[in-house]
Amino acid sequence: MKILVLGGAGYIGSHTVYALLDAGHSVVVADNLLTGFRSAVHPEAKFYLGDIRDIHFLNDLFAREKVDVVIHFAACSLVGESVKDPLKYYDNNLYGTKVLLEAMVSNGVDKIVFSSTAATYGEPKRVPILEGDPTEPTNPYGETKLAMEKMFKWVSNAHGLRYVSLRYFNACGAHESGRIGEAHNPESHLIPLILQVPGGKRPFISIFGGDYPTKDGTCVRDYIHVMDLAQAHILAAQYLLNGGASDIFNLGNGVGFTVKEVIDVARAVTGHPIPARMEDRRAGDPAQLIASSDKARSVLGWNPQHADLEEIVASAWKWHHTHPNGYEE
């Protein structure tokens, strides 16, 4: 199949492109390089520089490339930034998706896999979280992603578009080759922040809150390897091509690790003491976020292959250790 990967120069998008090509698919990447990196794009993928808010760019792209499925990663994704600049998130995420759907409808492209987020749930009512649980986002990032999901639903009703929305938890790790990995500026994810200490980028790692109702007082999160996420997107695209109905799936390992546990694993992997400093809690940090991914396993046939936390951290360290400045060498 021919897949259009929007945001394919970003972290999860670039890894999905590698996995798609490894599986023998034809891949077209479109990215505005606002947060992505041209060097993260696999050399065998056809690349277009452009923005999903540009209807002329999209119409031209769909005219040139007869794609079977769109995989949509093209969104801003920093929670803190979304609180400070919500209009940026409504413009890029929501308006961008509106323009994308206009172009898809007018060009007869009717299948899309959407990169959503656990942030659509907000503060969970129970753990593990199920797809039918209440969605009450606590920040503009989660709010825009949820609104994007609802846009897919109504466009599906009106125009027959079919979609899969993948709500995933803490993406982490890197490609086994070490050629691509996680590079954000500013960085906000726990594992790369921890690895900045042995990488000489920061003197210690901060732990925000040590009095949560968890086994060691620190927050618990569900960490999912980026290549397992990539496989889920491929399975979702195949599911739609096979006639599957529109649906929403959680992606996680169903196992939670505390912040302290992740730091301990990073110490073992890197051989560095990684000093840690306790700080006050951050507003809006739930004590636990753990996914139930039973539905993805049963319907999509998804089976994570890299659930071991030491393997996840080791793959991330291989990337960060050899690319201390990310893609900006």
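What counts, and at which threshold
Residues numbered from 1 in each chain as written. Predicted model: local features only at pLDDT ≥ 70, side-chain atom pairs only at ≥ 80, totals over all residues. Heavy atoms only, no water. Pairing = 2+ DSSP bridges. Helix = DSSP H or I, 4+ residues; strand = E, 2+ residues; numbered from the N terminus. Axes fitted to C-alpha atoms, helices over the stretch in contact; angles between N-to-C directions. Contact = heavy atoms within 4.5 Å. 1 Å grid on protein atoms, 1.4 Å probe; cavity = no way out; pocket = protein on both sides within 12 Å on 5 of 7 lines; lining within 4 Å. Points joined across faces, edges and corners; volume = space filled by probe spheres on them. Nonpolar A, V, L, I, M, F, W, Y, C, P; charged D, E, K, R; others polar. Salt bridge = Lys/Arg side-chain N within 4 Å of Asp/Glu carboxyl O. Buried < 20%, exposed > 50% of the residue type's maximum accessible area, 1.4 Å probe, protein only. Expected span 1.5 Å × (residues − 1).

**Topic: the sheet that holds strand β5 (residues 111–117)**
Taken in spatial order, the 7 strands make up an open sheet running β3-β2-β1-β4-β5-β6-β11, and their pairing is parallel. The open sheet terminates on both sides in strands that have one partner only, identified here as β3 (46–49) and β11 (247–251). Sheet twist, expressed as the average angle between the axes of neighbouring strands with direction ignored, equals 20 degrees. Together, β4 (69–72), β5, β6 (162–168) and β11 form the strand contacts of helix α5 (residues 140–159), whose direction differs from that of β5 by roughly 155 degrees.

**Focus: empty space enclosed by the protein**
One pass over the structure, following the stated rule, counts 1 cavity of 30 Å³ or more. Counted as a void, the largest cavity has a volume near 50 Å³. In this structure, the largest cavity is lined by Tyr121, Glu123, Pro124, Lys125, Arg126, Ile129, Asp133 and Pro134. In terms of residue class, the lining of the largest cavity is made up of 4 nonpolar, no polar and 4 charged.

**A closer look at the pattern of salt bridges**
As enumerated under the stated definition, the model contains 16 salt bridges in all. A salt bridge links Asp91 to Arg53, with the shortest nitrogen-to-oxygen separation between them at 2.6 Å. With Asp91 in helix α4 (residues 86–106) and Arg53 in the loop between β3 and α2 (55–64), the pair connects residues that are 38 residues apart, well separated along the chain. The partner of Asp110 in a salt bridge is Lys111, and the shortest N-O contact between them spans 2.9 Å. We classify Lys111 as buried; its relative accessible area is 13%. When salt bridges that share partners are traced, they join Lys2, Lys46 and Glu65 into one network.

**Observations concerning helix α7 (residues 226–241)**
Side chains three or four residues apart in an α-helix point the same way, a direct result of the helix having 3.6 residues per turn. Its 16 residues give α7 an end-to-end C-alpha distance of 23 Å, which sits within 8% of 22 Å, the value for a rise of 1.5 Å per residue. Taken across its 16 residues, α7 has 12 buried, putting it largely inside the fold. All of the buried residues along α7 are Val226, Met227, Asp228, Leu229, Ala230, Ala232, His233, Ile234, Ala236, Ala237, Tyr239 and Leu240. Gly243, located one to two residues past α7, shows a positive phi value of around 95 degrees.

**Comments concerning unusual backbone geometry**
Along the chain, Val127 connects to Pro128 via a cis peptide bond; the corresponding omega equals 0 degrees. Relative to the elements of secondary structure, Pro128 occurs in the loop between β5 and α5. In the segment running from Asn185 into Pro186, the intervening peptide bond is cis, with an omega of 0 degrees. Of note, Pro186 is situated in the loop between β7 (170–172) and α6 (190–195). Phi angles above zero are rare outside glycine, and Leu33 is one such case at about 60 degrees.

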